[in-house]
Amino acid sequence: MRDPHLALALLGVATGGLTVGFGRKGGVLLGAIALAATVGAVLPTPDAGTGEPLLALAWGLIIIAAGSLWLPDRLRPHALNLVIAIVSGGTAGLLGRVAGVGTLGWFAVALTFSTVVSILLARKRWRLPIRVVAGWLVAIGALNATLTILPVTPGYLPDHLE
Amino acid sequence: MPLRFAPLCLLAVAADAHDFWLQPARWQAAPGEPIRMTLQVGHGPYRQRSPIPARRIVRFAAIAPNGRQIDLRPGMHIGGADDATAAFGAPGTYVVVLETDNRAESHLPAIRFNDYLKVEGLTPAIALRTSAGRMDADGAENYSRHAKTIVRVGLAGAQPASRVTKPAGLALEIVPEADPLTIGRGGALPVRIYYRGTPLAGALVKLNDLDHDAEPVAMRRSDAQGRAVFRLPGKGNWQLNVVWTRPQPKTSLTDFDTSFSSLSFGAIE
């Protein structure tokens, strides 16, 4: 499995900073994330082969969470944020289970930091910078998600196998 | 920024698929008990059975405690549930050796080839490419494998383990100067690296814990006498590996002829 640290950190940023910080009932959303992450982390360890699909799912969730910030408020109901929060938390927990529970620290730290920052920014109604950051996250997520499904080009095939 | 990171991420993936070693299912067996072995390549999450075809294996033998060579090729079944089975009737410590020809080829883009040379410590090759102005050129090499493993038959101390510290005649070889099976926790394990029969200086030797082998436990450069000394952390499954290369003639289709060597053993103290 590719290195999951960046995906977990950006998932924390997208979920915390964007979904929670700019969603209603932030406390409920944070609780949902924590519960889902805990459940994912204590489930029986998935097969090692599920690492790459979980990583692809994480990048997809980053795109969804970041992209949803560009929707008008009437198209971002609390239910959507709750679903994003639960699925992101669960994915982070499962990914941590496969990659090592220590990697969840990246998700937790990024989630906490970005939530605090985004709540402060939301109070000041500084939406434009946040939307710019959301755009970057969509681009990074799209690139990394694409890498997981592209066929390996000859120059990147594993070498020295014989 | 993301586009620049992408090839570096894939580099980190690819640079780990170099190492090759003999992995017995168990390091100790009763006299006559079959010992199953597999050929492993890569470390950490990239570790897998080597897909090497049997026709490339030119030597698969065991060196008995009395120095006799036992041909193990009849017990090879590459690609099966395991790759080979061997059984030894007399108690003692046996050194199993495997060598391949050098017909395997590797062709890598410049950035990956330079990274591979750096990771494996092949500084003479880097210097050669630099002086020839070929650091931006793709790299191609022929490579061969030279693996050894130490297995013990019968009870410890039943026979003197005299062959472990003697060269087995591999083109690139790690020769321990003390029996790794008798070194206690924290004890020194001196090894000498031989390349085509002479001590090799400046080679990067790595010690891997086969139970946690994402990263080497220790790395040493062989000194002018070809010696490197490691501290064995203790009981476990261990592997030493070293890589060396030499330039090919100008008429060759590849740039370098590279040898990979390994020594695997299970420390029981």
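Residues numbered from 1 in each chain as written. Chains lettered and ligands numbered in written order. Predicted model: local features only at pLDDT ≥ 70, side-chain atom pairs only at ≥ 80, totals over all residues. Heavy atoms only, no water.

A. Quick peek at the overall build of chain B. Looking only at helices and strands, chain B has three helices and 18 strands in total. Per-residue burial for chain B yields a buried fraction of 53% across its 269 residues. Relative to all contacts within chain B whose residues are 6 or more apart in sequence, the contacts with residues 24 or more apart total 68%. (Helix = DSSP H or I, 4+ residues; strand = E, 2+ residues; numbered from the N terminus. Buried < 20%, exposed > 50% of the residue type's maximum accessible area, 1.4 Å probe, protein only. Contact = heavy atoms within 4.5 Å.)

B. View of the environment of threonine 148 of chain A. The topology assignment puts threonine 148 of chain A in helix 6 (residues 127-149). The contacts of threonine 148 of chain A, once residues within four sequence positions are left out, are Arg2, Glu52 and Ala56 of chain A.

C. A look at helix 3 (residues 51-68) of chain A. Residue and element names in this part refer to chain A. The terminal C-alpha atoms of helix 3, which comprises 18 residues, lie 26 Å apart, in line with the 26 Å expected from a rise of 1.5 Å per residue. When helix 3 is considered as a whole, its buried residues turn out to be Gly51, Leu54, Leu55, Ala58, Trp59, Leu61, Ile62, Ala65, Ala66 and Ser68. Lining the buried residues of helix 3 we find helix 1 (5-20), helix 4 (78-99) and helix 6. (Expected span 1.5 Å × (residues − 1).)

D. Examining the confidence of the model for chain A more closely. Here chain A shows a mean pLDDT of 82. Residues at 70 or above account for 93%. Mean pLDDT across the elements of chain A ranges from a minimum in helix 2 (residues 26-42) of chain A, with 82, to a maximum in helix 3 of chain A, with 87. (pLDDT = per-residue confidence, 0-100.)

E. Region of the structure containing the packing of aromatic side chains. What the rule picks out here adds up to four aromatic pairs over all chains. Seen from their ring centres, phenylalanine 113 of chain B and tyrosine 116 of chain B are 5.7 Å apart, and the 55 degrees between their planes marks the pair as tilted. One end of the pair is phenylalanine 113 of chain B and the other is tyrosine 116 of chain B, both in helix 2 (residues 110-119) and three residues apart, which spans about a single turn. Assigned by exposure class, phenylalanine 113 of chain B and tyrosine 116 of chain B land together as buried. Every member of this aromatic cluster is reached through a ring pair, and the members are Phe113, Tyr116 and Phe256 of chain B. The ring of tryptophan 70 of chain A has arginine 131 of chain A sitting right over it, with the charged end atom 5.7 Å from the ring centre. Here the basic side chain of arginine 145 of chain B rests over the ring of phenylalanine 260 of chain B, its NZ or CZ set 4.4 Å away from the ring centre. (Phe/Tyr/Trp six-rings, centres within 6.5 Å; stacked < 30°, edge-to-face > 60°. Lys NZ or Arg CZ within 6 Å of the ring centre and 35° of its normal.)

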